[in-house]
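Listed below, chain by chain, are the residues.
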Amino acid sequence: MDYAIETSGLSKEFITPRIIYRAIAHPFTKQKTILAVNNITISIRKGELFCLVGPNGSGKTTFLKILSCLILPTRGNAVVFGYDILKKEDKVKAAIGLIIGDERSFYWRLTLRQNLSFFAALYNLNPLQSKKIIKELSCLLEIEDMLERSFQECSTGIKQRLAIARGLLGDPQILFMDEPVKSLDALLRRELNIFIKDKLIKERGKTVILITHNLKEAEQLADRIAIMQKGEILACGTLAELRAKINNPIGSLEEAYSKIIVD
Ligand SMILES: Nc1ncnc2c1ncn2[C@@H]1O[C@H](COP(=O)(O)OP(=O)(O)OP(=O)(O)O)[C@@H](O)[C@H]1O
Ligand SMILES: [Mg+2]
């Protein structure tokens, strides 16, 4: 079996910084740690649309950040598109596209086109390739008319579309999407979800790991769904497998989620 991602015992512990006066007043108290990702062992097939769902703070983003080589795991390891995240960071980064709704990573005074051209250059695209892909992606995401506007002038939805376009610039094999459509209107959400399923997965054979809080969308889109809580994957499988877990063959993902998540 050809896997896009394989993790073994992946864990991440954050040590929260101590406020100086407390460190001075109580020098021997232990620093607080947060186990954001707890011993995750999972395999995701190439060409799979894999959804990660779970309450706020359950470790979804941290998990994707480790797989994207943005942060190091505390324990365990992962292989992404055949490359060890601890040894082949460059290869991993070339194989993935990370779509994360972080507005700070754009240049606010530059236009959308200038922003995309800048990131295209980071992917080593020449000006001709860059022009072509920007045209293609802006058309797809319906931002052609906005390309000469500065980033700061744009609405949240347009900024989010730009983040998606940026993630696709390098034509990555694996796409990590952290709530990519949360600020988009219903119609565009639908179009983008169709685009993910039909164009990225079926036509181009990409693998997509999608974090969403929208259980309906996850249910409709995903090949498999993982339900996370407190850093752990509590359940993982197709909708049918999750239904079997709750003994309801016609149950919704929402029902499975609420039964599996423990208070
Ligand atoms: N840099 C950091 N330093 C300390 N703690 C962190 C850091 N990043 C995340 N955490 C903590 O790790 C836990 C998991 O956070 P994470 O952002 O991965 O959750 P999430 O599932 O993506 O949540 P959400 O659905 O709200 O986006 C949380 O308790 C969070 O406060
Ligand atoms: Mg998150």
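In the block above lies the structure referred to throughout.
Small disclaimer: the values here were computed from a predicted structure and weren't measured.

(A) Representation of the overall build of the chain in the model. Looking only at helices and strands, the chain features 10 helices and 10 strands. Each of the three principal axes of the chain carries a C-alpha extent, and together these read 55 × 55 × 35 Å. Counting over 263 residues, the chain shows a buried share of 46%. Here the analysis covers contacts within the chain between residues at least 6 apart in sequence; of these, 70% occur between residues at least 24 apart. Carbon and sulfur atoms provide 52% of the accessible area of the chain, an area that totals close to 14100 Å². Of the side-chain charges in the chain, 38 are positive and 30 negative, and the distance between the mean point of each set is 5 Å.

(B) Spotlight on the sheet that holds strand 10 (residues 232-237). Taken in spatial order, the 6 strands line up as 6-7-8-3-9-10 in an open sheet, and their pairing is mixed. Each edge of the sheet is formed by a strand with only one pairing partner; in this case those strands are strand 6 (96-100) and strand 10. When strand polarity is set aside, the average angle formed by the axes of neighbouring strands in this sheet is 15 degrees. In the packing of helix 10 (residues 253-260) onto the sheet, contacts are made with strand 3 (49-53), strand 9 (224-229) and strand 10, and the angle to strand 9 comes to roughly 30 degrees.

(C) Summary view of the nonpolar core. Grouped together as the largest cluster of nonpolar side chains are 52 residues, with contacts concentrated most on Leu49, Leu112, Leu169, Met177, Leu192, Val208 and Leu242. Setting aside residues up to four positions removed in sequence, Val208 forms contacts with Glu48, Leu49, Phe50, Leu175, Met177, Ile196 and Ile201. Core analysis: the second largest hydrophobic core is formed by 25 residues, Ile40, Phe50, Val92 and Phe176 among them.

The rules behind each value
- Residues numbered from 1 in each chain as written.
- Chains lettered and ligands numbered in written order.
- Predicted model: local features only at pLDDT ≥ 70, side-chain atom pairs only at ≥ 80, totals over all residues.
- Heavy atoms only, no water.
- Helix = DSSP H or I, 4+ residues; strand = E, 2+ residues; numbered from the N terminus.
- Buried < 20%, exposed > 50% of the residue type's maximum accessible area, 1.4 Å probe, protein only.
- Contact = heavy atoms within 4.5 Å.
- Areas by Shrake-Rupley, 256 points an atom, 1.4 Å probe, with all protein chains shown as cover.
- Lys, Arg positive; Asp, Glu negative; His and termini not counted.
- Charge placed at Lys NZ, Arg CZ, Asp CG, Glu CD.
- Pairing = 2+ DSSP bridges.
- Axes fitted to C-alpha atoms, helices over the stretch in contact; angles between N-to-C directions.
- Core = buried A, V, L, I, M, F, W, Y, C linked by side-chain atoms within 4.5 Å.

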